[in-house]
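Per-entry structural report
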Amino acid sequence: MSRIVTVGAAQLGPIARNESRARVVERLLALMRRARTRGCDLVVFPELALTTFFPRWYMESQAEIDAFFETAMPGPETEPLFAVARELGIGFYLGYAERVEEGGRVRRFNTSILVDGRGEVVGRYRKIHLPGHAENEPWRAFQHLEKRYFEPGDLGFGTWQAFGGVFGMALCNDRRWPETYRVLALKGMEMLLLGYNTPMHYPPVPGHDHLQGFHNHLCMQAGAYQNGTWVVAVAKAGREEGCDLLGQSCIIAPTGEIVAMSSTLGDELITAECDLDRTREIKEHIFNFELHRRPEEYRLIAER
Ligand code: CDT
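Our subject in this report is the structure included herewith. This is a predicted model, so every value here is computed, not measured. The residue numbers shown here count from 1 along each chain, following its written sequence. Per-residue local features are limited, in this predicted model, to residues with pLDDT of at least 70; the limit for side-chain atom pairs, both in listing and counting, is 80 or more; totals at the level of whole chains, interfaces and linings are taken over all residues. For side-chain calculations, the full set of non-hydrogen atoms in the structure is used, while hydrogens and water are omitted.

1. Some words on the site of the ligand
Being near a molecule or strand, for a residue, comes down to having at least one heavy atom within 4 Å of it. Taken together, 13 residues sit near the ligand, with K127, C172, N173, R176 and T198 positioned nearest. We define a polar contact as two N or O atoms separated by no more than 3.5 Å, with the added condition that, inside protein, one atom must be a possible hydrogen donor and the other a possible acceptor, whereas residues neighbouring each other in sequence contribute only through side-chain atom pairs. Between the ligand and T198, the relevant distance is 2.6 Å, taken from an oxygen atom to a side-chain nitrogen or oxygen of the residue. What sets the accessible areas is the Shrake-Rupley method with a 1.4 Å probe; for residues, cover comes only from the shown protein chains. With the chains in place, 92% of the 360 Å² that the ligand exposes on its own is no longer accessible. Cavity means a closed set of points on a 1 Å grid over the protein atoms alone, one where a 1.4 Å probe fits but cannot get out, pocket means an open set with protein on both sides within 12 Å along at least 5 of 7 lines, and lining means a residue has an atom within 4 Å of a point. The way we define it, a molecule is inside a pocket or cavity when more than half of its atoms are within 2 Å of that pocket's grid points. Here the ligand occupies the largest pocket. Taken together, the residues that form the shell around the ligand break down as 4 nonpolar, 4 polar and 5 charged. Think of it as three bins: nonpolar holds Ala, Val, Leu, Ile, Met, Phe, Trp, Tyr, Cys and Pro, charged holds Asp, Glu, Lys and Arg, and polar takes everything else, Gly as well.

This is the structure in structure tokens:
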């Protein structure tokens, strides 16, 4: 079986607050069809890819908040994504806001799913590192209320056998944390799929605004190399409702090298042929966990 997975990173430009799900899904389908013509096995969409990045607004009406959430996946508006996956034999990763009833209560998560080329959901991840704040902070140019609108993910960092390899999923802020990559690598991950919405302006420390692009690649290139994994990272980019979002979607090899990167802030597909066996160059040598890790010296990391 070939260990080469051809991946498409399907960056999205801005999504307006009043843009319909149907219109967004049309944009996603166009990217899937383009990906298929370029030979992709799998296409990766951003975090919260079906709507505008709504945590930038403080809202009190639960009905208004819930309008940004999916109660079924697939639902009536997202079913075409699954139908086209089956038609083209192409898988996808999709980030969306998930509203579920579990254990007799309503729960809301920032979620991603992995769907295979038969249109079957093979994996689900609920974002663990939720950034931002929970209360209205009107001094900010815009809010970042993920801690208000979502619970921290309760499914852990999972890996899934798919597309001939072992895949992990994460969402946006997770990419800044070395623990994300290491836990997934310990579970055999060969390729990390990740979507993001990263504002260029960081209200608490605006002096770092010019470093957004640097920090984006710094943590992911290090995470790829130190864990011998491919990383496919996909932005929702551009000026969305007056908020500038970082682009620079990229595909990173296990050596830490960027092998493809977007060059616009709009809907854009970048692709790469990723040989999963290249993970061995790192995993069997410089970062051979079995040979070189000293977990007995790392206990503090899990205790605090
Ligand atoms: N969506 C997301 O997680 N964005 C964060 C912004 C951090 S500033 C609150 C990120 O890490 O890119």
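2. Quick word on the pattern of salt bridges
Put simply, a salt bridge is a Lys or Arg side-chain nitrogen that is within 4 Å of an Asp or Glu carboxyl oxygen. Per the counting criterion, the structure on display carries 31 salt bridges. When the shortest N-O distance is used, the salt bridge between E240 and R56 registers 2.7 Å. With a gap of 184 residues between them, E240 in strand β10 (residues 238–240) and R56 in the loop between β2 (42–44) and α2 (62–66) connect regions that are remote in the sequence. Across this residue pair, the class does not change: E240 and R56 are buried. Across the pair R86 and E79 runs a salt bridge whose closest N-O atoms are separated by 2.9 Å. Exposure categories follow from relative accessible area, calculated using a 1.4 Å probe and restricted to protein chains: below 20% of the type maximum is buried, above 50% is exposed, and the middle band is partly exposed. The exposure class assigned to R86 is partly exposed, which follows from its relative accessible area of 42%. What emerges from the salt-bridge pattern is a single network uniting E98, E102, R105, R107, R124, R126, E151 and D154. Put simply, DSSP H or I for four residues or longer makes a helix, DSSP E for two residues or longer makes a strand, and each gets a number counted from the N terminus.

3. Quick look at the packing of aromatic side chains
What counts as a ring pair is set by centres within 6.5 Å for rings of Phe, Tyr and Trp (its six-membered ring), and what kind of pair is set by the plane angle: stacked under 30 degrees, edge-to-face over 60, tilted for all other angles. As enumerated under the stated definition, the model contains 10 aromatic pairs in all. Between F54 and F68, the ring centres sit 4.8 Å apart and the planes meet at 15 degrees, which makes this aromatic pair stacked. Taken together, the positions of F54 in the loop between β2 and α2 and F68 in the loop between α2 and α3 (79–88) put the pair 14 residues apart, joining distant regions of the chain. Pair check on accessibility: F54 and F68 agree, each one buried. Taking 5.9 Å as the distance between ring centres and 40 degrees as the angle between the ring planes, the aromatic pair formed by F54 and Y149 counts as tilted. Within this pair, whereas F54 is found in the loop between β2 and α2, its partner Y149 is found in helix α4 (residues 146–149), the two being separated by 95 residues in sequence. You'll find F54 and Y149 in the same group, each marked buried. Ring pairs connect the aromatic residues F54, F68, F69, Y149 and F150, which therefore count as one cluster. Placement of a positive charge over a ring is assigned whenever Lys NZ or Arg CZ falls within 6 Å of the ring centre and within 35 degrees of the normal to the ring plane. The positively charged end of R175 is found above the aromatic ring belonging to Y196, 4.3 Å away from the centroid.

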